[in-house]
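Overview (structure and organization)
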Amino acid sequence: MQSFQGLVLMQQRIWTTCIGEHIGERVRLSGWLHHLRQLRHVTFLILRDGKGLTQIVVEDPTLAEQLASLYHESVLSVEGLVIANPQAPNGIEIQQPIVEVLNPSTAPPPFDLFRPTLKAQLPTLLDYAAISLRHPQRRALFQISAASMEGFRAALRREQFVEIQTPKMVASATEGGANVFAINYFGSPAYLAQSPQFYKQTMVGVFERVFEVAPVFRAEPHDTPRHLNEYVSLDMEMGFIENHRTVMAMLTCVLQGMVQTISEQAAEALKLVKLTLPQIPAAIPIIHFSEALELIYREMGEDARHEPDLSPSHERWLGEWAQRQYQSEFLLVEGYPMVKRPFYTHPDPARPQYSNSFDLLFRGLELVTGGQRLHRYDDYLQALQARGLNPEPLSGYLDAFKYGMPPHGGFAIGLERWVARLVEAPNIREVTLFPRDLNRLTP
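Figured I'd write up the structure that's included with this text. (Residues numbered from 1 in each chain as written. Predicted model: local features only at pLDDT ≥ 70, side-chain atom pairs only at ≥ 80, totals over all residues. Heavy atoms only, no water.)

A word on the overall build of the protein. Along the protein, the regular secondary structure elements total twelve helices and 17 strands. C-alpha extents for the protein along the principal axes are approximately 80 × 55 × 40 Å. Burial status across the protein gives 51% buried among its 443 residues. About 21,400 Å² of surface is accessible on the protein, with carbon and sulfur atoms providing 52% of the total. Charged side chains of the protein number 40 positive and 48 negative; the gap between the two group centres comes to 2 Å. (Helix = DSSP H or I, 4+ residues; strand = E, 2+ residues; numbered from the N terminus. Buried < 20%, exposed > 50% of the residue type's maximum accessible area, 1.4 Å probe, protein only. Areas by Shrake-Rupley, 256 points an atom, 1.4 Å probe, with all protein chains shown as cover. Lys, Arg positive; Asp, Glu negative; His and termini not counted. Charge placed at Lys NZ, Arg CZ, Asp CG, Glu CD.)

Here it is in structure tokens:
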């Protein structure tokens, strides 16, 4: 290791965000050479660690010259005196530094990380993700993502849910066979899991209330700003429900918990991306699918009344309508036609052509799909027969319903889609660490 101005004292390292607690003391910091600004008589070294930035004042010309010989992103350890200075960033800086180079960067980074925003195009940022993710603003997006997952977990734990982890290699497709990644499992056909649906329903018979945070895989040939082929799914399933509206009420509770945790754990990240969190209504507005189509017909002039699903343009219009009508960025659409829902979906007892299911629209984009599931074994056999599906490949799943399963339901939130909509990112890849899509399998 190379050392400037002697050896750094072996005292305990602190984060840059904690130096305000040590004014008048000497501390040790470690991080990356984020930026070096050289003036005539003084040089300012900006050190970045995993939490933030701090300014280090270098007055020794020899040290300044040695630092100038380093590329940005070199890894440093610095010991210095913490001084309160109103003119410094955040009113604090480090003076009288002793600097040790732990690992010099071997080349300049492909873009300037010290600038407020990265100027490179998205494909370049993704190609060099190992570097671009270090940018404070890019990093902030994933701090918001991490807080979202923690909020999801914390909200459900408060409601006595148990976290589970289910297989990602499965013997049969969950949502249908057309959009699965096939794999060779020791000579037998298998698939990457489209969702944990079968397993989380099974586990309702064990714990009653379960959730999972894990990747899922969809072999859909989409090349749009809103689709990925691998994403993180925030799944839950709960037993002893009245109907799908019990699940919708729990979704509202979870969203409130997620927003609260983001505000508590990612406050600095919110400032960096200039984000004001949305208000989650105590009761999110609800509209039936058939009423939504009628409304679209009356207001937009488009005759979608016999369509089995909502188009993206219809979702956007409904989002604007909910904002005007209820001052809500969220809208629950319930009662989708059974023909567009998976076989395990429970029909509406009063109108069997419609389902006890729902989608949540957030700012005019589908964010959550959920609903009540079938829970009687004979109903499953009838549902599979009606769709021309063979029950044999699903025998392990169906066994759970032979031995008594309570009325139950659940939902799934796409984490990346949630964060993208939250920060108004034009492309979901901007909030995905290492995206997997039609054209990208690396890095």
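Before going further, it helps to examine the nonpolar core. One recurring pattern in soluble globular proteins is that nonpolar side chains are buried together. Counting 52 residues, the largest nonpolar core has Phe 152, Leu 255, Phe 411, Ile 413 and Trp 418 as its most contacted members. No other element matches the nine residues that helix H6 (residues 244-265) contributes to this core. Every residue in contact with Trp 418, bar those within four places of it in the chain, is listed here: Ser 148, Leu 255, Met 258, Val 259, Ile 262, Phe 330, Phe 362, Leu 367 and Ile 413. (Core = buried A, V, L, I, M, F, W, Y, C linked by side-chain atoms within 4.5 Å. Contact = heavy atoms within 4.5 Å.)

With that out of the way, let us pick up the packing of helix H10 (residues 377-386) against helix H11 (residues 395-402). One way to put it is that H10 packs onto H11 with a least axis distance of 8 Å and a crossing angle of 145°. Across the interface between the two elements, Tyr 377, Tyr 380, Leu 381 and Leu 384 of H10 pack against Tyr 397, Leu 398, Phe 401 and Lys 402 of H11. Split by residue class, the contact of H10 with H11 holds seven nonpolar, no polar and one charged. (Axes fitted to C-alpha atoms, helices over the stretch in contact; angles between N-to-C directions. Nonpolar A, V, L, I, M, F, W, Y, C, P; charged D, E, K, R; others polar.)

In spatial order, the strands read S8-S10-S9; together these three strands make up an open sheet with antiparallel pairing. Strands with a single pairing partner mark the edges of an open sheet, and in this sheet they are strand S8 (169-170) and strand S9 (182-185). Direction of pairing for S9 relative to strand S10 (residues 188-192): antiparallel, over a ladder of four bridges. Within S10, the position partnered with Asn 184 by the bridge is Pro 189. (Pairing = 2+ DSSP bridges.)

Next up on the list: the pairing of strand S5 (residues 75-84). For S5, a buried count of seven out of ten residues is recorded, marking the element as mostly surrounded by other parts of the structure. Two strands pair when backbone bridges link them, and strand S2 (residues 26-38) and S5 are joined in this way by seven bridges, in the antiparallel orientation. Along S5, the bridge assignment pairs Val 27 with Gly 80. In this sheet, strand S6 (residues 92-103) lies alongside S5 in antiparallel orientation, the contact comprising nine bridges. Note on S6: the bridge partner recorded for Val 82 is Ile 94.

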